[in-house]
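Structural overview
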Amino acid sequence: MSNEEYKTSPYRRYQNDPEAGASRPDFYEDDEAGSGTFDIPRTKSASLERLRRWRQAALVLNASRRFRYTLDLKKEEERRQSLAKFRSHIQVLRAANRFQNNVKENVPKAPGPLPHSTTTRVGNFDISLEELVSITRENDLSLLQQCGGVKGVADKLKSDLEKGIPGDDIDLVSRKNAFGSNTYPRKKGRSFWNFVWDACKDTTLIILMVAAAASLALGIKTEGIKEGWYDGGSIAMAVLIVIIFTAVSDYKQSLQFQNLNEEKQNIHMEVIRGGRRVSISIFDIAVGDVVPLKIGDQVPADGIVITGHSLSIDESSMTGESKIVHKNSKAPFLMSGCKVADGYGTMLVTGVGINTEWGLLMSSISEDNGEETPLQVRLNGVATFIGIVGLAVAVVVLIVLVARFFTGHTRNPDGTVQFKAGQTKVGEAIDGFIKIFTVAVTIVVVAVPEGLPLAVTLTLAYSMRKMMADKALVRRLSACETMGSATTICSDKTGTLTLNQMTVVEAYSCGNKIDPPDNKSLLPSNIMSLLIEGIAQNTTGSVFVPEEGGVLEVSGSPTEKAILQWGINLGMDFKAARSNSVIIHAFPFNSEKKRGGVALKLSDSEVHVHWKGAAEIVLASCTSYIDTNNHVAPMDEDKSLLFKKAIEDMAARSLRCVAIAYRPYEMEKVPSDEEELSSWKLPEGDLILLAIVGIKDPCRPGVREAVQLCINAGVKVRMVTGDNLQTARAIALECGILGSNADATEPNLIEGKKFRDLSDTQRLEVADKISVMGRSAPNDKLLLVQALRKRGHVVAVTGDGTNDAPALHEADIGLAMGIQGTEVAKESSDIIILDDNFSTVVKVVRWGRSVYANIQKFIQFQLTVNVAALIINVVSAVSSGNVPLNAVQLLWVNLIMDTLGALALATEPPTDHLMRRPPVGRREPLITNIMWRNLIIQALYQVTVLLILNFGGTKILNLEHDTSDHAFREKNTLIFNAFVFCQIFNEFNARKPDEINVWKGVTKNCFFMGIVGLTLLLQVIIIMFLGKFASTVRLSWKLWLVSIAIGAISWPLAVIGKLIPVPNRPFSEFCTKRSHQ
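Predicted model, so just to flag it, every value in this text is computed and none were measured.

Counting its regular elements, the protein chain contains 41 helices and 26 strands. A burial count over the protein chain gives 56% of its 1077 residues as buried. Across the protein chain, contacts joining residues at least 24 apart in sequence account for 73% of those joining residues at least 6 apart.

Following D515, the chain continues into P516 via a peptide bond in cis, with omega recorded as -5 degrees. The amide bond that connects E746 to the next residue, P747, takes the cis arrangement and shows omega of 0 degrees. In this structure, P747 sits in the loop between α27 (725–735) and β22 (749–751). Look at D686: it is not a glycine, yet its phi comes out positive at around 55 degrees. With respect to the secondary-structure elements, D686 resides in the loop between α25 (674–678) and β20 (687–696). The backbone of D836 shows a phi angle near 60 degrees, a positive value even though the residue is not glycine.

Judged by nonpolar contacts, the single largest core of 157 residues is most densely connected at I737, I813, I831, F838, I859 and F979. Per-element tally for this core: the top contributor is helix α33 (residues 838–880), with 19 residues. When residues no more than four places from it in sequence are discounted, the contact partners of F979 are V865, A868, A869, I872, L885, V893, Q942 and L946.

With that settled, the discussion passes to α27. The buried fraction of α27 amounts to eight of the eleven residues, a majority that puts the element mostly inside the structure. Check the buried side of α27 and you find it contacts α24 (637–652), β19 (655–665), α26 (703–712), β21 (716–720), β22 and β23 (772–774). Just downstream of α27, G736 is the residue with a positive phi angle, here 95 degrees.

Here we take up the UniProt feature "transmembrane region" (unreviewed entry) in the protein chain. The sites that UniProt annotates as "transmembrane region" (unreviewed entry) are residues 195–220, 232–251, 382–406, 436–462, 1007–1027 and 1039–1060. Helix and strand shares over residues 382–406 are 100% and 0% respectively, and the end C-alpha atoms of the span are 36 Å apart. Taken end to end, residues 1007–1027 is 95% helix and 0% strand, and its first and last C-alpha atoms sit 29 Å apart.

All right, on to the pattern of salt bridges then. By the definition in use, this model includes 35 salt bridges. Of the charged contacts, one joins E553 and R276 as a salt bridge, the two residues approaching to 2.9 Å between their closest N and O atoms. Of the two residues, E553 is situated in strand β13 (residues 553–555) and R276 in strand β2 (residues 276–281); the sequence distance between them amounts to 277 residues. Under the relative-accessibility criterion, E553 is labelled partly exposed at 31%. Judged by relative accessible area, R276 falls into the partly exposed class, the value being 28%. Note that R789 is salt-bridged to D812, the shortest N-O span being 3.3 Å. Remark: D812 occurs in the loop between α31 (805–810) and β25 (813–817) and R789 occurs in helix α30 (residues 778–790); sequence separation between them is 23 residues.

This part covers a negative patch on the surface. Where like charges cluster on the molecular surface, the negative patch consists of D673, E674, E675 and E676. Examined against the element boundaries, E676 turns out to sit in helix α25.

Along the chain, R763 turns up in helix α29 (residues 760–767). Assessed through its relative accessible area of 11%, R763 is described here as buried. Separated by 3.1 Å, the side chain of R763 and the backbone oxygen of R756 make a polar contact. Reaching out from R763, the side chain makes a polar contact with the backbone oxygen of L758 at a distance of 2.8 Å. For R763, the residues in contact, after removing those within four places along its chain, are F755, R756, L758, L783 and A787.

This part covers the packing of α26 against α27. Across the interface, α26 lies against α27 with an axial gap of 8 Å and an inter-helix angle of 75 degrees. On the basis of the axis angle, α26 is roughly perpendicular to α27. On α27, the residues touching V703, R704 and V707 of α26 are L733, E734 and C735. By residue class, the composition of the contact of α26 with α27 is four nonpolar, no polar and two charged.

Okay, the pairing of β19 next. Extensive coverage of β19 is indicated by the burial of ten of its eleven residues. Relative to β19, strand β16 (residues 607–614) is paired through eight bridges, and the arrangement is antiparallel. Looking at the pairing, V609 lines up with R663 of β19. Bridge count between β19 and β20: eight bridges; the pairing is antiparallel. Each residue of the ladder has a partner; that of A661, found in β20, is L689.

With respect to the element layout, G596 can be found in strand β15 (residues 595–602). Taking C-alpha positions, G596 is 7.6 Å from N538, a pair spaced 58 residues apart along the chain. Once residues within four sequence positions are removed from consideration, G596 is found in contact with N538, F587, P588, F589, H610, W611 and K612.

If you walk through the whole model with that rule in mind, you get 15 aromatic pairs. Measuring from centroid to centroid gives 5.7 Å for Y665 and W680, while their planes differ by 45 degrees, and the two rings are tilted. Here Y665, found in strand β19, pairs with W680, found in the loop between α25 and β20; they are 15 residues apart in sequence, far enough to count as distant. Among the residues examined, W680 registers a relative accessible area of 13% and is labelled buried. Among the aromatic residues, ring-to-ring pairing joins F985, F988, W999, F1008 and W1051 into one connected group.

To continue, consider the packing of helix α36 (residues 964–991) against helix α40 (residues 1050–1058). In the contact formed by α36 and α40, the axes pass within 9 Å of each other and the chain directions differ by 30 degrees. In this structure, the crossing between α36 and α40 has a hand that is right-handed. Contacts from F985, N986, F988 and N989 in α36 reach S1050, W1051, A1054 and K1058 in α40. Along the lines of polarity and charge, the residues of the contact of α36 with α40 split into four nonpolar, three polar and one charged.

Among the residues of helix α6 (residues 129–137), E131, L132, V133, S134, I135 and T136 are the ones counted as buried. Of the surrounding elements, those touching the buried residues of α6 are α7 (141–146), α8 (149–156), α9 (169–179), β4 (302–314), β6 (333–334) and β7 (339–351). Positive backbone phi, approximately 50 degrees, marks N139, located one or two places after α6.

This paragraph deals with the sheet that holds strand β24 (residues 795–799). Strand order across the open sheet formed by eight strands is β8-β26-β25-β24-β9-β21-β23-β22, with mixed pairing between neighbours. Edge positions in the sheet fall to β8 (472–474) and β22, since each has one partner strand and no second. Averaged over all pairs of adjacent strands, the angle between strand axes in this sheet comes to 20 degrees, irrespective of strand direction. Relative to β23, β22 runs parallel, the two sharing three bridges. Bridge pairing in β23 links E751 to G774. Across the face of the sheet, α27 comes into contact with β21, β22 and β23 while running at roughly 155 degrees to β22.

About the thresholds
Residues numbered from 1 in each chain as written. Predicted model: local features only at pLDDT ≥ 70, side-chain atom pairs only at ≥ 80, totals over all residues. Heavy atoms only, no water. Helix = DSSP H or I, 4+ residues; strand = E, 2+ residues; numbered from the N terminus. Buried < 20%, exposed > 50% of the residue type's maximum accessible area, 1.4 Å probe, protein only. Contact = heavy atoms within 4.5 Å. Core = buried A, V, L, I, M, F, W, Y, C linked by side-chain atoms within 4.5 Å. UniProt positions renumbered as here; feature names shortened; annotations may be inferred. Salt bridge = Lys/Arg side-chain N within 4 Å of Asp/Glu carboxyl O. Patch = residues over 30% accessible without salt bridge, like charges linked within 9 Å, V, L, I, M, F, W, Y side chains within 5 Å. Areas by Shrake-Rupley, 256 points an atom, 1.4 Å probe, with all protein chains shown as cover. Lys, Arg positive; Asp, Glu negative; His and termini not counted. Charge placed at Lys NZ, Arg CZ, Asp CG, Glu CD. Polar contact = N/O pair within 3.5 Å; in protein donor to acceptor, adjacent residues only side chain to side chain. Axes fitted to C-alpha atoms, helices over the stretch in contact; angles between N-to-C directions. Parallel < 35°, antiparallel > 145°, perpendicular 65-115°, else oblique. Nonpolar A, V, L, I, M, F, W, Y, C, P; charged D, E, K, R; others polar. Pairing = 2+ DSSP bridges. Phe/Tyr/Trp six-rings, centres within 6.5 Å; stacked < 30°, edge-to-face > 60°. Left-handed = near helix turned anticlockwise from the far one by under 90°.

Shown next as structure tokens:
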């Protein structure tokens, strides 16, 4: 591969691998510049230094929990160092092997039997595991030749180079026993107790446990064990419950991520077993398997090339060397984990799993799947700000309460002073201080929204699991939420908007239309034989004929399958046609040139060069055609116009047009040397046209509705295809991407070359208007993505080919196709669309918007609780020296707010309402004006009602005649109970921040109903049975009704609040403008 080819290769330019010399284009540096610490709109390409900076700026109570699902920066650096060492080791071994092979080549050696091996052979195989490993891992060409070459090794492994291994259960078990399985040891997932330990590391919970222990010791000492354990014991139990709930929630999340990660690594590949191509998991590949390879595939195991046509391998993932290695009989060894950069061929598997360098590498480095998402980083900023405010409030409360206590201004419910200088015992004074300190620390626990950033992970984990059921596999967490901000989707045509079920429905040959297309009587014998020769040899597909008879099995890409099926209909015997000639050189189908070709050597030493590709491009290279009389006739202007008109007519009816042509070639001009042959450029001119076929690929059912759904949601769908512009136009009209024929004009409809030739400024002007781009090269898609991003769009791109990798990587969201997509495309993507369906892409948009909406619901709910709890306790502390909500009660409120609230609101499924509003901008404020309105109304209501109860509750509830202690406890219990019911009812309000009907669809969300039911049940238990534990008393049924009524008023209040209009301009902008003035 030349340097020029290398520069445009997706293999090196777009890998996130510092060892392999990858770099980001300057174009994206604006993502890093000029933004705040907690503003990283594109975490996909953020530097480690940038990620480290926001972690250091965040106010964190429990770092191990807060940063659990973010990238472990220390491990990432260690992983990179290990990778660099491993690659250095590989390079040293390679150099040593090259030196040894050169020495062996220069020393003449008589052929003889293999040296006697002391290794153990298992089963009925004639070669041991150690011998295989020494051949492939050491790249020992001489040892391979002594074994009889690849044919000899295959015989020793009881494998056939054409039919592969039998593949029955007994055969596979014996191979796995002898040579191992294609898996490697993985580190076990973290146990439940690890999560319990992580939850225990919370700074405030540790302080509370220490305070509880001190309170317990003092209580037992002063009041005895029977009564003295309650204060300290209740706090300890409350902390323990918080820890267990937190650990259970985190553990369930980790299991979901673990399952999704296993799914990501489960690559499916084709192997040949019993002569048939079958798709199996990469983990099921066995030694002796014959594996077809094509551009973009991952080499699934160590092996030896059987056949290769322009086969080039990108080994940078193993060696770190930025070069593509050509593979042939002189360099036949393939390393597991590498990618096919060009060409196609077949390989014999000789090493799997831990017996390969790739297996050793994967088992030695720990794969860290953590990553931060833009929303997660922003929420850490919000949590830090709120935390600082809460911390300040807690300090004020502590100072005020301590000052009042030690100056004798704090009184017991019966009116006696709690502390009298010189009279109160030291133990009682310390106990009083501990209670005050505990309340202050608990205020910090409630005030610092530790669960806010973790709620992102929770909703992403839930969404990822549900998206998997919707046929979308998320590879990068950030893509989940970014998809909700997508403003445009650049989609492929074939297989995404269409079914990818192709059939030849029209054919032109001999200057005439062949109707029906498989009517053999209209084709002269010469054309028939040449067509069958070209169809059978110029393909990466195959035809399997079952020995017991039955339907032929055609495999390959949909286009290849359609043309092979047409050949079969014309009477082609695939096996016989391939045996009549030998491929001496191949030019694999190229997205740039839109065609592929082969040079064939026939039995009479004649050479034929066959080409197949985009009809108008191949036709332009044809100077003649074969007429109905079997004669080669010159391609005059009339015939050329006839064929062009046929192409245009077929394209206008949304048919994919493919031309098949050939030319004879002189044997003397073909290079005889293998090195020269590998770089030989197949002759492209003076071709003889054999046929032009029109292939029908119907639109997917429901794709028009899916496109319309995107348009309604403010997301523009653009089609970018390599097909003829007229074919693209017809499909775009059918799908609804183009509204009418009036829209099908430039620049709405543009050819890739025309867009490519524009200047940067012109491309920026045109990009927004483009709806359809036809005959696009992979680089055109990349240029379009770059132009759209510069215009401020959040761009999602679909792709399946290897050359789509640059565009997939550079887009905000790369969507690779799961069925037709190559491994290179999938590795460059953020989400894999498992069914290749555009409707699934739209479902991903829905889920992306749902993630953002759910987080906003949770923010509104949590901040309402935060504000209300803080104001109630602060006002009470400053005015009376007592707080109505004690430490245990605040910990229970924190549990409702953080863990249970997040579980309830983060798991809301997406609604149609989400797809009727425009995309959320990535830099729009997290707390919208609507949320501020709802939050202020609810918090103001709660604070007002509960403070009235706090200061006038004894009189309102007619408790003057009760003992002062019981009246104080009953009043505070009602405040606590009413406060919890306010949160339960407000949880329903939070479901629909901008809709009147908050109950819509609530019964369908069983998880939400379950959480609300559990919260209600636990509240009843706390009030009725755990009075000593929570410092509460049992309430009468009348006070239960009062508590429910106080909570229920939040519903009509929310309805009235939603009728109050709010400005579209964010409040934050008003504040910013005023501060600047």
